[in-house]
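Spelled out from the first residue to the last, the chains are:
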Amino acid sequence: MNDEQMRLSKNVMADGYGLIAAAGYINNEGGQAIADAATDLISNGCGTLLIDLDGTRIINSIGVSILLEIMEKLLEDKGQLAFCNLTPTISKTFEIMGLVQYATIYPDRETAQTDLVGDLSV
Amino acid sequence: MISLSELLRLADSALSSHQGPQFAEDLLRALVEETGSRAGILRRDGDDLARWPPSVSRQVEEATDGWTAVPFAGDISGWSLHLLKPEQLEELVLSAARLGLRAWQLREELKRTRFDERFHLWELEAIRAIAGSIGGILEPERIAEELISHLVALLGVRSAHIYLGDDAATATSVGGFGSPAIDDDGLTEAWEHGVYSEEMAAIPLVAENGTLGVLVAAHKEARAGTEPFAANDIRLLELFAVQVTVAMESVRLTLESLERERLRNEMEMAAVIQTHLYPQVFPEVEGYGLVAKATPSRHVAGDTYDAFKDGDSLIATITDVSGKGVGAGMIASGVHAAVRLMSTNGAGLADLAVRVNAYLSGATEDNRFATSAIVRLESDGRIIAVNAGHCPILIRRGDGTIDEISSSGFPLGMMPVATYSEHEDRLEPGDLLLLYTDGLTEAEDPDEEEFGVENVAEVVSKLEHPSAASACKELLGAIETFTCGKPLHDDATLLVVERLAE
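To keep things clear, this report deals only with the structure shown in the data block. This one's a predicted model, so the numbers in the text were calculated from it and none came from an experiment.

**Comments concerning the overall build of chain B**
Part 1: Each helix and strand in chain B was counted, giving 12 helices and 19 strands.
Part 2: In chain B, buried positions account for 38% of the 502 residues.
Part 3: Residue pairs in contact within chain B that sit at least 24 positions apart in sequence constitute 65% of those at least 6 positions apart.

Shown next as structure tokens:
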């Protein structure tokens, strides 16, 4: 359980659509890394962000508050936030903390991409 | 007036929905324009929220004269507005600004309150999830992992570990997250009464029978860096400590229960195996009839009996191993096998006893021994008996008199070297030979008086219709009456051989 160092990557996948893959403990440092990646993608014109949490098992309250801020910022800009590959525990946490009210939850990345921007492999 | 309209629009927007950090800058810009100021700064509790124009740095601020501070009161007293050389400060404009800031602050407080409410729900959900997920888990490591993942998430700590052991010196981590935050001395202190500091909380896991371990959490995160534990954090940690304790106690009790069940099953299996060592059907030997009854005080008995043919003769034997339970039962089984295997081809019983004694004296490490009575019965009524430290063998004659064959040597296994003498006698038709263990003679009445060999002899002597079956029935009935139905302290075994009428 000790190996929870955040591993993060970000990509502009299509016009206006950005992907962040975050695996590790989402605490203040991990959360800030995601926020920085989101800010960068938003400033590059991504109004829709998909955050893939495959490999993330634990998120603490500060991590949740940072994700809420990312969501607020996207909503202010009429953007859209989505998550995929959530563990049951994190999914329940997002439900309780109000993230699912304004963000869309997908079971996996492929389903999310198909729904958000169509099939990118075509 | 355009800026006043903008101020009122901003105030309205703050009232109707949550506004982000941009709100402070928008409001300040409208204020600067409406008051004809060169620049403006909006602060809350000493922290800058907005500067307009953004180029007005703190250095510029400090190097410039002509700043006017506009105080706020009431619920926004922590706020302050600084305007550079304002041309006009109309109360209407300031009121619009206050309205906007109050609305914004209320929205912020509402957001925090909602977050806190949801966080409490998160806490409850975590407690529920822990109770649900650890219910069927019997591995402390998996329970620890489940609990720690919830604890780390809720408390926002960088380190959490659960230590379990018989005491602080032997306690080891069964699960953890992050680098351990406590050393051996700290663990010892925590085991005794807990350790609470700004950086770390180590709470003993106290069950009904003592301390099971310690729950340690350290380095609570703030938005930037770490912060001291608050009272609510300690409360939450203590709640988790109770959860851990209950879960680990449950595991311990369940494992103990399973172990007891396993031992009980093994005891029952051993008893079944031992029962199968007894003759299932007595051998048919011309002129003799046999009846036996065995009552173990526990599942596995230290008593054993046997009856088998050796050529034309019948060997009847009874053995009582010192002690009770599985250990005694195993030795009894060994003696049972040894006697059966060694008493073949008319082997002398004294020699047989010597050999079994030698075998047994080297086979037990805890000075156990076995008393034994072995009788060879010939078809013409002649008998040869060896009594190795056992209760007297009783012979009931046809007229009701009782003869005894007393011990002629040490119990088997007591001494490394022992000798035994053989007693020769005869059974006439109608005579009964009784082999029994001291579980019968030591049966106690309510006054703790023992039944004794004398009563055995008396009951058998007074049989109205002497036979092996009636001797067995009357003797056990008399003991039942004597003890008032109280269970026997020791294994009790009775084997009766009857010389049948020709």
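Picking up after the structure, the text goes on.
**Let's talk about the interface of chain A and chain B**
How big an interface is tends to be expressed through the accessible area that disappears when the partners come together.
Part 1: Between chain A and chain B, the contact holds 20 residues from the first and 20 residues from the second.
Part 2: Secondary structure elements with two or more residues in the side of chain A that touches chain B: α2 (61–76) and α3 (88–96) of chain A.
Part 3: With six residues, the top contributor of residues to the side of chain A that touches chain B is α2(A).
Part 4: Looking at the side of chain A that touches chain B, its residues break down into six nonpolar, nine polar and five charged.

**Section: the sheet that holds strand β9 (residues 210–220) of chain B**
Residue and element names in this part refer to chain B.
Part 1: Strand order across the open sheet formed by five strands is β6-β5-β9-β8-β7, with antiparallel pairing between neighbours. One side of each edge strand has no neighbouring strand; the edge strands of this open sheet are β6 (172–177) and β7 (195–196).
Part 2: Examined bridge by bridge, strand β8 (residues 200–207) and β9 share eight bridges and lie antiparallel to one another. Residue pairing in the sheet places alanine 201 in a bridge with alanine 217 of β9.
Part 3: With respect to the sheet, helix α6 (residues 184–193) is in contact with β5 (157–164), β7, β8 and β9, its orientation differing from that of β9 by roughly 120 degrees.
Part 4: Strands β5, β7, β8 and β9 of the sheet are contacted by helix α7 (residues 231–277), whose axis makes an angle of about 35 degrees with β8.

**A word on the environment of Glu33(B)**
Residue and element names in this part refer to chain B.
Part 1: Looking at the secondary structure, you find glutamate 33 in helix α2 (residues 22–35).
Part 2: According to the C-beta neighbour criterion, glutamate 33 is partly exposed, with 16 such atoms within 10 Å.
Part 3: Sequence spacing of glutamate 33 and tryptophan 52 is 19 residues, and the spatial spacing of their C-alpha atoms is 10.0 Å.

**Points about the pairing of strand β1 (residues 39–44) of chain B**
All names here are of chain B.
Part 1: Pairing of β1 with strand β4 (residues 79–84) involves six bridges; the strand directions are antiparallel. Along β4, the bridge assignment pairs isoleucine 41 with histidine 82.
Part 2: The sheet contact formed by β1 and strand β2 (residues 47–52) spans five bridges and is antiparallel. Across the sheet, arginine 43 pairs through a bridge with aspartate 48, a residue of β2.
Part 3: If you look at the hairpin formed by β1 and β2, you'll find two residues sitting between the two strands, and aspartate 45 has a positive phi there, around 50 degrees.

**With respect to the packing of α2(B) against helix α4 (residues 91–133) of chain B**
All names here are of chain B.
Part 1: Close contact between α2 and α4 brings their axes to 11 Å; oriented N to C, the two are set at 175 degrees. Overall, the two elements α2 and α4 adopt an arrangement that is roughly antiparallel. Facing α2, whose interface residues are Phe23, Leu27, Leu31, Glu34 and Thr35, α4 presents Val93, Ala97, Gly100 and Trp104.
Part 2: For the contact of α2 with α4, the per-class residue count stands at six nonpolar, two polar and one charged.

**Here we look at the sheet that holds β2(B)**
Within a sheet, adjacent strands bond to each other through the backbone by hydrogen bonds, running parallel or antiparallel.
Residue and element names in this part refer to chain B.
Part 1: Judged by pairing direction, the sheet is antiparallel, and its four strands sit side by side in the order β2-β1-β4-β3 without closing on themselves. Two strands lie at the open edges of the sheet, namely β2 and β3 (67–71), each paired on one side alone. This sheet shows a mean twist of 20 degrees between the axes of neighbouring strands, independent of strand direction.
Part 2: Against the sheet, α2 engages β1, β2 and β4, with an angle of about 50 degrees to β2.

Procedures and definitions
- Counting from 1, residues in each chain are numbered in the order their sequence is written.
- The order in which chains are written sets their letters, starting at A; the order in which ligands are written sets their numbers, starting at 1.
- Predicted model: local features are reported for residues with pLDDT of at least 70 only, side-chain atom pairs are reported and counted for 80 or more only, and whole-chain, interface and lining totals are derived from all residues.
- Only DSSP runs of H or I reaching four residues or more are called helices, and only runs of E reaching two or more are called strands; each is numbered from the N terminus.
- Exposure classes come from backbone-placed C-beta atoms, where a residue is buried if 20 or more other C-beta atoms lie within 10 Å of its own, exposed if 12 or fewer do, and partly exposed in between.
- By the criterion used throughout, residues are in contact when their C-beta atoms, derived from the backbone, lie within 7 Å.
- Amino acids outside the nonpolar list (Ala, Val, Leu, Ile, Met, Phe, Trp, Tyr, Cys, Pro) and the charged list (Asp, Glu, Lys, Arg) are all regarded as polar, and Gly is one of them.
- Should DSSP find at least two bridges between two strands, the strands are regarded as paired.
- As a rule, the C-alpha atoms of each element are fitted with a line to give its axis, helices using only the stretch in contact, and angles between N-to-C directions run from 0 to 180 degrees.
- Should an angle fall under 35 degrees it is called roughly parallel, over 145 degrees roughly antiparallel, and 65 to 115 degrees roughly perpendicular, with every other angle called oblique.

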